[in-house]
Amino acid sequence: PDLSEVTDLLARAQAYVAAQDWPNALSTLDALRKRDPSFHTVEVDGMYYLALLSQGKQYIQQGNLETGIYYLTLAERFGPLDRDANALREGARLYITAASFWEIDWEQAYTLFSQLASGFPGLTDGTMTAAQRFYIAAMRYGDKLFGKGDYCGAWSAYQAAMQYGALEKQSQKNAEEAYSICYPPTPTPFVMPTATPTP
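Each chain has its residues counted from 1, following the order in which its sequence is written. In keeping with the predicted nature of the model, local features appear solely for residues at pLDDT of at least 70, side-chain atom pairs appear and are counted solely at 80 or more, and the whole-chain, interface and lining totals rest on all residues. With hydrogens and water stripped out, all remaining heavy atoms of the structure feed into the side-chain values.

**A few points about the environment of S27**
So, point 1. What counts as a helix is a DSSP run of H or I of at least four residues, what counts as a strand is a run of E of at least two, and both are numbered from the N terminus. Its place among the elements puts S27 in helix α2 (residues 22–35).
So, point 2. Once the C-alpha coordinates of S27 and A13 are considered, the two residues, 14 residues apart in sequence, prove to be 8.6 Å apart.

**Description of the packing of aromatic side chains**
So, point 1. For Phe, Tyr and Trp, where Trp contributes only its six-membered ring, two rings pair if their centres lie within 6.5 Å, and the inter-plane angle classes them as stacked under 30 degrees, edge-to-face over 60, or tilted in between. Applying the stated criterion to the full structure yields 12 aromatic pairs.
So, point 2. Seen from their ring centres, Y95 and F113 are 5.3 Å apart, and the 85° between their planes marks the pair as edge-to-face. Placement of Y95 in helix α5 (residues 83–99) and of F113 in helix α6 (residues 106–119) is noted, with a sequence separation of 18 residues between them. Assigned by exposure class, Y95 and F113 land together as buried. Here's how the labels work: a residue is buried when its accessible area is under 20% of the maximum for its type, exposed when over 50%, partly exposed in between, all with a 1.4 Å probe on protein chains only.

**Side note on the nonpolar core**
So, point 1. Residues belong to a common nonpolar core when they are buried Ala, Val, Leu, Ile, Met, Phe, Trp, Tyr or Cys residues joined through side-chain atoms within 4.5 Å. Counting 58 residues, the largest nonpolar core has Y110 and F113 as the members making the most contacts within it.
So, point 2. Considering each element in turn, this core owes the most residues, nine residues, to helix α7 (residues 130–148).
So, point 3. If we skip the residues at most four places from it in the chain, F113 touches Y95, A98, A99, W102, A130, R133 and F134. The contact criterion used throughout is that any non-hydrogen atoms of two residues lie within 4.5 Å.

In structure tokens form, the structure reads like this:
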């Protein structure tokens, strides 16, 4: 059989992989597989794995979370994901879940984004990073607790927000009041001065 076409496709795919041009590497590998599914199977599978894995990570880092998750799931068909890729995929899934509570349930948004802010602060969906979302969710959750009269809980949420930036005007006012209620100043006991006896 004439293998010149598939040999050429394999060489092109190798060049794209070496250049880290993942979209062209994947389209070339697809063309190669269509021409001859049994040609250099192990090597082609390895390149598929590397290209899908790298493209998936890149998509997630660029804020295209769902597409990134999809590519990493495809890569998993060729081999197990490394620890970093798996953690990144779990972070992206958690971000999507946390964002689904945005402006609907501030407590859930606060809880989930707190995990992301500590592990993946720069993870984004193209609008805000996990750290930015946690900062806002912490203030909104604090405002909600303050409104319910849970001043110590509100102060705790405001404290968490302050690690990421200055509080907004209303939240700052609430935080000051919550702190004074939750941690009232302890009164200084009055001690009667003792008279020094005069000789």
